[in-house]
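Residue strings, one per chain:
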Amino acid sequence: MQLIKRNVPVQPIVYAANSPAHRELPFTVYRGLELLVKITHTNAANPAPTLFGILYGLISRMQVTLAGVDQLVNIPAWCLWYMNRAEFAKEGYNSIFTTASIQGTSYISLYLPFSLLRAVMPLDTLLDARKLSSMRLEVNWSGTPAGIASIDAAEIQILTCEYAVGEDFKVSPGRHELAYLTKPLEKTGTVQIRLDTGAGNEYRRLWIFLMAQPAAVLSDLEIDRIKLKTRSFVYVDASIQEFKADNTRRFGIDAAPGLYVWDFPTDGRMSERCDATNISDLTLEVNALNTTGIIHCVAEKVVL
């Protein structure tokens with residue numbers, strides 16, 4: 001059967017300071033969601049707001065929950081923006097109003113993928129919501145971002161990226177998850193994060209972000225080395241400069257500060273993902289240079 005792509009608007013999620021909000025989504029076959037953050041704000045005199053500052057200060061978390069209990073996506077909005085930047089090898093559409101002390105409107109676009117990007121078989125993880133009891137996009141709104149005196153109005157506009165199909169259309173049962181974990185660098189030297197193992201933990205990528213605190217900026221000065229290992233096998237043991245060289249070649253765009261990506265498959269072949277179903281220990285290890293940084297990690301999983 002021919003797949004017919006279409007984009008359908010959904011009612012936006014409206015800003016409410018320091019509060020959760022959500023929107024129930026239609027029951028259809030999804031490739032992804034096009035999201036546009038629109039914020040009308042009055043700027044402070046100094047400093048000027050930035051794209052990162054707006055996403056970091058405005059939206060603490062974005063989640064997609066299926067049937068009320070099954071969390072498919074759970075990530076900060078700013079992580080998704082940097083992931084989009086790498087996946088599409090360019091910055092997404094954005095327009096940031098920076099004039100001091102007056103009101104203007106800023107826009108930041110995000111794409112939340114359910115199908116796979118940069119994959120041999122991208123449709124292996126189409127999200128079939130036709131028989132779900134509910135599908136919800138949830139947002140945890142925060143307060144006022146740096147550089148902004150007041151938020152006068154804000155919302156996330158939603159456009160489905162879906163396929164119009166008949167009732168008899170069969171979708172592969174694959175699943176594309178985005179899970180989030182974080183840990184402070186509580187000491188210099190070796191700092192470890194234990195990743196989930198067992199059924200349902202099939203890793204495609206790890207998106208590893210290092211943030212300097214209290215400035216809350218992504219930084220290459222927090223660690224100097226990354227290792228990913230099981231008890232008996234090392235997947236990678238490399239300096240952050242070697243990670244950046246690999247990531248620049250892989251994604252075709254200069255590596256962002258403080259971002260290091262480990263890709264288990266080569267050339268988009270999901271058969272090479274890390275299936276941790278029968279692994280008892282999978283550990284991300286960094287060599288910390290200070291005790292003020294924070295690791296933010298998005299575990300991208302592909303369950304086939």
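Just so you know, the residues in each chain are numbered from 1, in the order the chain's sequence is written. Confidence filtering applies because this is a predicted model: local features only for residues at pLDDT of at least 70, side-chain atom pairs given and counted only at 80 or more, and all residues used for totals across whole chains, interfaces and linings. To get the side-chain values, take all heavy atoms of the structure and skip hydrogens and water.

(A) Spatial organisation of the nonpolar core. Definition of nonpolar core: a set of buried residues of the types Ala, Val, Leu, Ile, Met, Phe, Trp, Tyr and Cys, connected through side-chain atoms within 4.5 Å. Classification of residues uses two cut-offs on accessible area relative to the type maximum, computed with a 1.4 Å probe and protein chains only: under 20% is buried, over 50% is exposed, and between them is partly exposed. Of all hydrophobic cores here, the largest spans 58 residues; its most connected members are Leu55, Ile59, Phe114 and Phe209. Working definition: helices are DSSP H or I runs of at least four residues, strands are E runs of at least two. Numbering for both runs from the N terminus. Take this core: its biggest share by element is 8 residues, from helix H2 (residues 77-87). Whether two residues touch is decided by their heavy atoms; if any such pair falls within 4.5 Å, the residues are in contact. Not counting residues up to four positions away in its chain, the partners in contact with Phe114 are Tyr30, Arg31, Gly32, Leu33, Val64, Leu72, Val73, Thr125, Leu127, Met135 and His176. Grouped together as the second largest cluster of nonpolar side chains are 28 residues, Leu185, Leu210, Cys274 and Cys297 included.

(B) Quick look at the packing of aromatic side chains. The rule is short: rings of Phe, Tyr and Trp, with Trp giving its six-membered ring, pair when the centres are within 6.5 Å, and they are stacked under 30 degrees, edge-to-face over 60, tilted in between. Here the structure, examined in full by the defined rule, presents 14 aromatic pairs. Ring geometry for Phe52 and Trp78: centres 5.6 Å apart, planes at 70°, overall edge-to-face. Residue Phe52 is found in helix H1 (residues 51-58), and its partner Trp78 is found in helix H2; the two are separated by 26 residues along the sequence. For the pair Phe88 and Tyr111, a centre-to-centre distance of 6.0 Å together with 65° between the ring planes defines the contact as edge-to-face. Taken as a pair, Phe88 in the loop between H2 and strand S7 (94-95) and Tyr111 in strand S8 (residues 103-113) lie far apart in primary sequence, 23 residues in all. Residue class for Phe88 comes out partly exposed when judged on its relative accessible area of 40%.

(C) Molecular detail of the pairing of strand S6 (residues 70-75). One ladder, built from 5 bridges, connects strand S5 (residues 59-66) with S6; its direction is antiparallel. Note on S6: the bridge partner recorded for Gln63 is Asn74. At least two bridges found by DSSP between two strands are what make those strands a pair.

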